[in-house]
Amino acid sequence: MKEARAALRYAKATLDFAVEKKVADKVEGDMRDMVSVITENKELQSVLASPVVNGKAKKDALKAIFKGSHEITVGLIDTLAENKRIEMLQEVALKYIILFEKMKGEAIAFVTSAVPLTAALEKKILAQVAKITGNKVTIENKVDESIVGGFILRVGDLQYDASVASKLNGLKREFSNSL
């Protein structure tokens, strides 16, 4: 919980600075790149979370991976490294995107499903989420076969888990508690 609040503070400070410099759109693009690269690369996640790898090596690796990013984005990497919070980079980037979308009156729905969404299903999800949030919504679909079936929907700080894996885990807990 403490790290989520810290990530939100870093994201808010970065967004405020980017808005002041009138480059919030560019930084948002960098944040989207960071989220997708870190999400898709398990080795990078391991390196960022590892206490064995020193902060300078993590910072240098991130700067090399995200070479060409805006100076504010590079400054965020430096700040997180200096404060020994570099493992929070993905969460900070997600919070930045959420804050930026909220500032623009838009929302982004992250949908994790076992198979890619069809156009018809994507349209239904967009309509429901727009009705709930009252904002214009865009969808980012991530395929994760480990959820077996169903989906996980995340909009801002709200999450709805309708995955088969979650239901199976719930049943498993009920059985083990009743023995």
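This is a predicted model, so every value here is computed, not measured.

1. Regarding the overall build of the chain
Consideration 1: In terms of regular secondary structure, the chain is built from 8 helices and 4 strands.
Consideration 2: Mapped in sequence order, the helices and strands of the chain form the string α-α-α-α-α-α-β-α-β-β-β-α.
Consideration 3: Overall size of the chain, expressed as C-alpha extent along the three principal axes, is 50 × 40 × 25 Å.
Consideration 4: Taken across its 179 residues, the chain has 39% of its residues classed as buried.
Consideration 5: For the chain, long-range pairs separated by at least 24 residues make up 67% of all intrachain contacts whose partners lie at least 6 apart in sequence.
Consideration 6: Here the chain carries 28 positive and 24 negative side-chain charges, and the mean point of each set is 3 Å from the other.

2. Description of the packing of aromatic side chains
Consideration 1: For the coordinates displayed, the defined rule picks out 2 aromatic pairs.
Consideration 2: With a centroid separation of 6.3 Å and 10 degrees between ring planes, the pair formed by Tyr96 and Phe100 is classed as stacked. Here Tyr96 pairs with Phe100, and both are found in helix H6 (residues 89-104), just 4 residues apart, close to one helical turn.
Consideration 3: With centroids separated by 6.0 Å and ring planes inclined at 50 degrees, the aromatic side chains of Phe151 and Tyr160 adopt a geometry described as tilted.

3. Topic: the pattern of salt bridges
Consideration 1: Tallied over the entire structure, the rule returns 10 salt bridges.
Consideration 2: The residue Glu28 makes a salt bridge to Arg32 at a minimum N-O spacing of 2.7 Å. One end of the pair is Glu28 and the other is Arg32, both in helix H2 (residues 24-40) and 4 residues apart, which spans about a single turn.
Consideration 3: On the accessibility criterion, Glu28 (9% relative accessible area) is buried.
Consideration 4: A single salt-bridge network, built from bridges that share partners, covers Glu28, Arg32, Glu101 and Glu140.

4. Regarding the nonpolar core
Consideration 1: Core analysis: the biggest nonpolar cluster contains 34 residues, and Met31, Leu62, Leu89, Val92 and Tyr96 have the highest contact counts within it.
Consideration 2: Within the residue set of this core, elements represented by two or more residues are helix H1 (2-20), H2, helix H3 (42-49), helix H5 (71-82), H6 and strand E1 (106-113).
Consideration 3: When residues of this core are assigned to their parent elements, the largest contribution, 8 residues, is made by H6.
Consideration 4: Apart from residues lying up to four places away in sequence, Leu62 is in contact with Leu44, Leu48, Ile77, Ile86 and Leu89.
Consideration 5: Grouped together as the second largest cluster of nonpolar side chains are 10 residues, Ala107, Ala109, Val111 and Ile125 included.

5. Considerations on the pairing of strand E2 (residues 136-143)
Consideration 1: Across 8 bridges, E1 lies against E2 in parallel orientation. Looking at the pairing, Val111 lines up with Asn141 of E2.
Consideration 2: One crossover worth recording links E1 to the parallel E2 by way of helix H7 (residues 119-133), and it is right-handed.

6. Here's the deal with the confidence of the model for the chain
Consideration 1: Averaged over the chain, the pLDDT score is 89; the fraction of residues at 70 or greater is 99%.
Consideration 2: Summarising per-element confidence for the chain, the mean pLDDT is lowest in E1 (85) and highest in H5 (94).

7. A few points about unusual backbone geometry
Consideration 1: The residue Lys22 is not glycine, and still its phi comes out positive at about 60 degrees.
Consideration 2: If you trace the backbone, Lys22 turns up in the loop between H1 and H2.
Consideration 3: Of the residues examined, Lys22 reaches a relative accessible area of 73% and is grouped as exposed.
Consideration 4: The phi angle at Val148 is positive, at roughly 70 degrees, despite the residue not being glycine.
Consideration 5: Here Val148 is to be found in the loop between E2 and strand E3 (151-155).

8. Overview of the sheet that holds E2
Neighbouring strands of a sheet are bound in pairs by backbone hydrogen bonds; such pairs are parallel or else antiparallel.
Consideration 1: Strand order in the open sheet formed by 4 strands is E2-E1-E3-E4, and the pairing between neighbours is mixed. Across the chains shown, the open sheet's two edge strands, defined by having one partner strand only, are E2 and strand E4 (158-161). The average angle at which neighbouring strand axes cross in this sheet is 15 degrees, direction not considered.
Consideration 2: Of the strand pairs in this sheet, E3 and E4 are connected by 4 bridges, and their pairing is antiparallel. Across the sheet, residue Val155 finds its bridge partner in E4, namely Leu158.
Consideration 3: Packed on one face of the sheet, H7 meets E1, E2 and E3 and runs near 130 degrees to E2.

Cut-offs and rules
- Residues numbered from 1 in each chain as written.
- Predicted model: local features only at pLDDT ≥ 70, side-chain atom pairs only at ≥ 80, totals over all residues.
- Heavy atoms only, no water.
- Helix = DSSP H or I, 4+ residues; strand = E, 2+ residues; numbered from the N terminus.
- Buried < 20%, exposed > 50% of the residue type's maximum accessible area, 1.4 Å probe, protein only.
- Contact = heavy atoms within 4.5 Å.
- Lys, Arg positive; Asp, Glu negative; His and termini not counted.
- Charge placed at Lys NZ, Arg CZ, Asp CG, Glu CD.
- Phe/Tyr/Trp six-rings, centres within 6.5 Å; stacked < 30°, edge-to-face > 60°.
- Salt bridge = Lys/Arg side-chain N within 4 Å of Asp/Glu carboxyl O.
- Core = buried A, V, L, I, M, F, W, Y, C linked by side-chain atoms within 4.5 Å.
- Pairing = 2+ DSSP bridges.
- Right-handed = clockwise from strand over helix to strand, strands pointing away.
- pLDDT = per-residue confidence, 0-100.
- Axes fitted to C-alpha atoms, helices over the stretch in contact; angles between N-to-C directions.

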